[in-house]
Amino acid sequence: MSRFYCPVPLASGDTLALPPGAARHVQVLRFQPGDALTLFDGRGGEYAATVRQMGRSEVVVAVGAHDPVEREAAVAVHLACGMPANERMDWLVEKAAELGAASVQPLMTAHSVLRLKGERADKKIAHWQAVAAAACEQSGRNRVPTVHPVRELSAWLAAGGAAGDRRLLSLRTAAVLAPADRPAVVTFLSGPEGGLSAAEEDAAEAAGFRPVRLGPQVLRAETAPLAALARLTA
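What you see as residue numbers is a count from 1 along each chain, following the sequence as written. This being a predicted model, a pLDDT of at least 70 is required before a residue's local features are given, and a value of 80 or more before pairs of side-chain atoms are given or counted; all residues contribute to the totals for chains, interfaces and linings. Hydrogen atoms and water are omitted, and side-chain values are computed over all heavy atoms in the structure.

A. Structural view of unusual backbone geometry. One non-glycine residue, Arg30, adopts positive backbone phi at about 60°. A run of DSSP states H or I qualifies as a helix once it reaches four residues; a run of E qualifies as a strand once it reaches two. Both are numbered from the N-terminal end. Note on placement: Arg30 falls in the loop between helix H1 (20-28) and strand E3 (36-40). Categorising residues by exposure relies on relative accessible area from a 1.4 Å probe, with only protein chains included: less than 20% of the type maximum marks a residue as buried, more than 50% marks it as exposed, and the intermediate range marks it as partly exposed. Arg30 sits in the exposed class, given a relative accessible area of 69%.

In structure tokens form, the structure reads like this:
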């Protein structure tokens, strides 16, 4: 059954026009009146639905029964990542959503190649949020992780934005993240290509982050936070 994210409140018995993104997706897949689909609005569970009308730009659906199914990980893992360059951040956000991340915080750090501000940053966040929603459609998740606005690492640390237990992915520690180390809520901080600077790691530790490593290998910037995520949500 095809699944579509509908970022408006849904209720059984409603008849509504799908938002533009979902409508385009349904049209691309050549749905016809009477075809069944599944909708979710990010508030939990999912809804059976049926296409009622297909217009040139509008798709009208009838919303059916609500299924309260939840597919979220037992551990709420928030990723705070020094942004890798090129399309690697797209890949990181997509896989983080598939693996069950609760949120993604893009960060600019001393070694960041990708630096975003203003309108360009806003467009990237909207794009990454759409990537996360598409990954949830495919993977079966009914809650879309938030991709937060881009922040400077120093400002983010000063604001105390980390949730739950705090872990710093670092190569300068011998402490290995254990699968049994599963707090209910955890924030993982990781660097971009080249990692965090020594001063940034010191600042993170001063802000309450405990350094851990994933093993003897040195993982890429887009791989390390996903490996940590998978270790705690598997």
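B. The arrangement of the packing of aromatic side chains in detail. In this scheme Phe, Tyr and Trp rings, the latter by its six-membered ring, pair at centre separations within 6.5 Å, and the angle between planes marks the pair as stacked below 30 degrees, edge-to-face above 60, and tilted otherwise. Within the structure shown, the criterion is met by three aromatic pairs. Taking 5.8 Å as the distance between ring centres and 80° as the angle between the ring planes, the aromatic pair formed by Phe4 and Phe31 counts as edge-to-face. Here Phe4, found in strand E1 (residues 3-5), pairs with Phe31, found in the loop between H1 and E3; they are 27 residues apart in sequence, far enough to count as distant. The exposure classification of Phe4 matches that of Phe31, with both residues buried. With a centroid separation of 5.4 Å and 35° between ring planes, the pair formed by Tyr5 and Phe40 is classed as tilted. Residue Tyr5 is found in strand E1, and its partner Phe40 is found in strand E3; the two are separated by 35 residues along the sequence.

C. Broad picture of the packing of helix H2 (residues 88-99) against helix H3 (residues 118-139). Axis angles are defined between N-to-C directions and span 0 to 180 degrees, where every axis is a line fitted to C-alpha atoms and, for a helix, only to the segment in contact. Between H2 and H3, the least distance of the axes is 8 Å, while the angle of their chain directions is 40°. Classified by the angle between their axes, H2 and H3 sit oblique to one another. The interaxial crossing formed by H2 with H3 has right-handed handedness. Here Met89, Asp90, Val93, Glu94, Ala97 and Glu98 of H2 lie close against H3, whose contacting residues are His127, Trp128, Val131, Ala132, Ala135, Cys136, Gln138 and Ser139. Here the contact of H2 with H3 is composed, by residue class, of eight nonpolar, three polar and three charged. Should an angle lie under 35 degrees it is considered roughly parallel, over 145 roughly antiparallel, and from 65 to 115 roughly perpendicular; all remaining angles are considered oblique. In a left-handed crossing the near helix is turned counterclockwise from the far helix by less than a right angle, and in a right-handed crossing that turn is clockwise. Here a residue-residue contact requires only that any non-hydrogen atoms of the pair lie within 4.5 Å. Here the term charged refers only to Asp, Glu, Lys and Arg, the term nonpolar to Ala, Val, Leu, Ile, Met, Phe, Trp, Tyr, Cys and Pro, and the term polar to all other amino acids, Gly among them.

D. Spatial organisation of H3. Under the 1.5 Å per step criterion, the end-to-end length of H3 is 32 Å for 22 residues, consistent within 8% with the ideal 32 Å. All buried positions along H3 are accounted for by Ala121, Ile125, Trp128, Val131, Ala132, Ala133, Ala135, Cys136 and Glu137. Contact partners of the buried residues in H3: E1, H1, E3, H2, strand E7 (103-108) and strand E8 (146-147). Positive backbone phi, at 95°, marks Gly140, one or two positions downstream of H3. Helix span, as expected, comes to 1.5 Å for every residue beyond the first.

E. Summary view of the side chain of Glu201. Along the chain, Glu201 turns up in helix H5 (residues 198-206). Side-chain atoms alone can form a polar contact between residues adjacent in sequence; in general such a contact is a pair of N or O atoms within 3.5 Å, and within protein one must be able to donate a hydrogen while the other accepts it. Within polar-contact distance, the side chain of Glu201 engages the side chain of Ser170 at 2.7 Å. In this structure, Glu201 is in contact with Leu168, Ser170, Arg172 and Leu196, ignoring residues within four places of it in sequence.

F. Main features of the environment of Gln53. Looking at the element boundaries, Gln53 is found in strand E4 (residues 46-54). Residues Gln53 and Gly34, spaced 19 residues apart in sequence, show a C-alpha to C-alpha distance of 8.6 Å. The contact partners of Gln53, leaving out residues within four places of it in the chain, are Glu58, Val59 and Val60.

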